[in-house]
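Structural description and commentary
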Amino acid sequence: MAYLLNLLYLALLVAASPWLVYASVRKKKYRQGFAEKLLGLVPKRAGSEPCVWVHAVSVGEVMLVASLVKQLRAERPTWRVVLSTTTQTGLETARKKYPDLLSFYCPLDFSWAVRAAMRRLRPSMLVLAELELWPNLIAAAKQANVPVAVVNGRLGERSFRGYRKVRFLMRRLLSRLDVVAVQNEEYRSRFLELGCEPARLSVTGSLKFDGAASDRRNPHTLRLAELAGIRSDEVVFLAGSTQEGEEAAALEAYRAAVVDFPKLKLILVPRHPDRFEEVAELGRRSGFVFRRRSELAHPGNNEAWQVLLVDAIGELGAWWGLARIAFVGGSFGDRGGQNMLEPAGYGAAVSFGPNTWNFRDIAAALVEGGAAEVVPDPAGLTAFVRRCLSEPGFASELGERARELVAANRGATNRTARLLLPLVAEAAAARRAA
C-alpha cells in the first residue's frame, strides 16, 4: 500500500508542478522546507523525555491547538511538545506563538519521509488536528509503536460523502487510530459509519470554544489599540478572515454608515497574505483615509485613519478584541466560513454570510441562540452594520448572548487532555522498557 501511495503522490506532484512553480515565482509560496517535506529531515530531537508531536495544518489549526498545548505543558512540564505545520504562514505563526517549542514543516506523506521524521523526533504520541488522516504518516507511527490521536475531529458532509465511497480503505485507516476525539454526535455517527471502532471514539466538544478569548483588556489587544490610536469613543467594524469580494462588501457597508456615524472605523484582515497588496489597492481607491498595519509607527505617533488593513500574520485574534461589529469572512464565497467564535467570545455583534458549512454546527448554535446573524449578501451586511449602530441595544444584546454561549461550551481541552495523557505515559513507559 505504501508503494502505491508513493506512486500516486509522485504523479500528483508532477501534475501540479507547473502550478507550484508559478506560485513559487509569482506568490513566493512553497520555497521553504524542501528537506523536511520531501525527505523528512525535520530537526533531530535531543533528550529522552516523553514527546507529543502535534500536527496543525495552517494558521487556524495552530491557533486551535493552543489551549491543548498549554494544558499538556502545564500538567506535564517535563514532557516535550513539538509542532508541525504544512503551510509557510502556519509555521511562521507557530514560531511566533511558541518561540520555545520545536516547530517545523510536516513531511509530505511519502513513506520514506514520514519514517525519517519518526526516527528523528522519536515521539511518544502523534496528535492530528481535525482531519489530517495521512495513511503513510499514520502507518509510520504505528510501525514505531507510537499511538495516534485525532483531536477536535470533524467530518463535514462533503468530506463524508467522499470518504464513504472508499469505506473499505477508511475502515483500515481508522483502525490504526487510538483516539478519535470529535466535536459532536453528528461527527461521531459519521466516523462510526466509516468503520471507526466505538471504543476509540469520544465526543469532547470543540477546542475552538476554549480558544476563544473573552477579555478585551488583554495586553496584546490593548497594545494594538494604542498602536492604531483607537479611542474608547470610537466604534470598530472588523471584517476578518476575508476572501475576494468580501473586503469590497465591507467597504460599501462602511461607506453607507460612516456619513451618519463618523466615529466608525473599519479594519480589514484578509485570510491569505498573498492578497494583502490587492486589498491595499482597494483601500487606496476607496476615497477613505487608508493605512496599513505595517505602516503604523510607535504608539501615539500615527495619523488618523478610517480604514486599516492588517497586513500581518497571527494577530487576528487580538484585533477581534477591538471589534464592536464583526463580519467573519469566507462565508460569501466558496471557502465554507471561518472561525466565528473569536469575535463571539469577546462579545462583538457577530455576522457572517450563508456559506458556513465548515463551521455548520457552531454557526447554527450561534444563530439559534440569538448570538449572531446570517447576512445573505453584501446588502444584508450593510443593513446589519447600520442596525448595530442605530440600535446599540440590539448590538449589545447580540454580543452578550454570544459571550455567554462561548462560556457555556468551554471544557473540550480538559476532556481531550484526559484522553491523551494516559496514552502518552503508556507509550513512554513501553519505550523505556524496550
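Use the structure listed above.
Okay, so let's go over this structure. (Residues numbered from 1 in each chain as written. Predicted model: local features only at pLDDT ≥ 70, side-chain atom pairs only at ≥ 80, totals over all residues. Heavy atoms only, no water.)

**Re the pattern of salt bridges**
- In this structure the tally under the stated criterion is 33 salt bridges.
- A salt bridge links Arg-418 to Glu-75; the shortest N-O distance between them is 2.6 Å. Here Arg-418 is found in helix α20 (residues 412-433), whereas its partner Glu-75 is found in helix α4 (residues 66-75), with 343 residues between them in sequence.
- Residue Arg-418 is classed as partly exposed on the basis of its relative accessible area of 39%. (Salt bridge = Lys/Arg side-chain N within 4 Å of Asp/Glu carboxyl O. Helix = DSSP H or I, 4+ residues; strand = E, 2+ residues; numbered from the N terminus. Buried < 20%, exposed > 50% of the residue type's maximum accessible area, 1.4 Å probe, protein only.)

**So, the packing of helix α6 (residues 111-121) against helix α7 (residues 135-143)**
- Packing of α6 against α7 brings their axes to within 9 Å, and their N-to-C directions diverge by 40°. Here α7 runs oblique to α6, going by the angle between their axes. Here the hand of the crossing between α6 and α7 comes out right-handed. Counting all contacts with α6, which are made through Ser-111, Val-114, Arg-115 and Met-118, the residues of α7 involved are Asn-136, Leu-137, Ala-140, Ala-141 and Gln-143. (Axes fitted to C-alpha atoms, helices over the stretch in contact; angles between N-to-C directions. Parallel < 35°, antiparallel > 145°, perpendicular 65-115°, else oblique. Left-handed = near helix turned anticlockwise from the far one by under 90°. Contact = heavy atoms within 4.5 Å.)

**Points about the sheet that holds strand β9 (residues 264-270)**
- Pairing is parallel across the open sheet formed by seven strands, whose spatial order is β10-β11-β9-β8-β12-β13-β14. Strands with a single pairing partner mark the edges of an open sheet, and in this sheet they are β10 (290-292) and β14 (373-374).
- The sheet contact formed by β10 and strand β11 (residues 307-309) spans three bridges and is parallel. Residue pairing across strands places Arg-291 opposite Leu-308, the latter belonging to β11.
- Its contacts with the sheet place helix α13 (residues 246-258) against β8 (235-242), β9, β11 and β12 (325-328), and it is angled at close to 180° to β9.
- Along the sheet, helix α19 (residues 392-408) makes contact with β13 (349-352) and β14, crossing β13 at roughly 85°. (Pairing = 2+ DSSP bridges.)

Just geometry here; none of it tells us what the structure is for.
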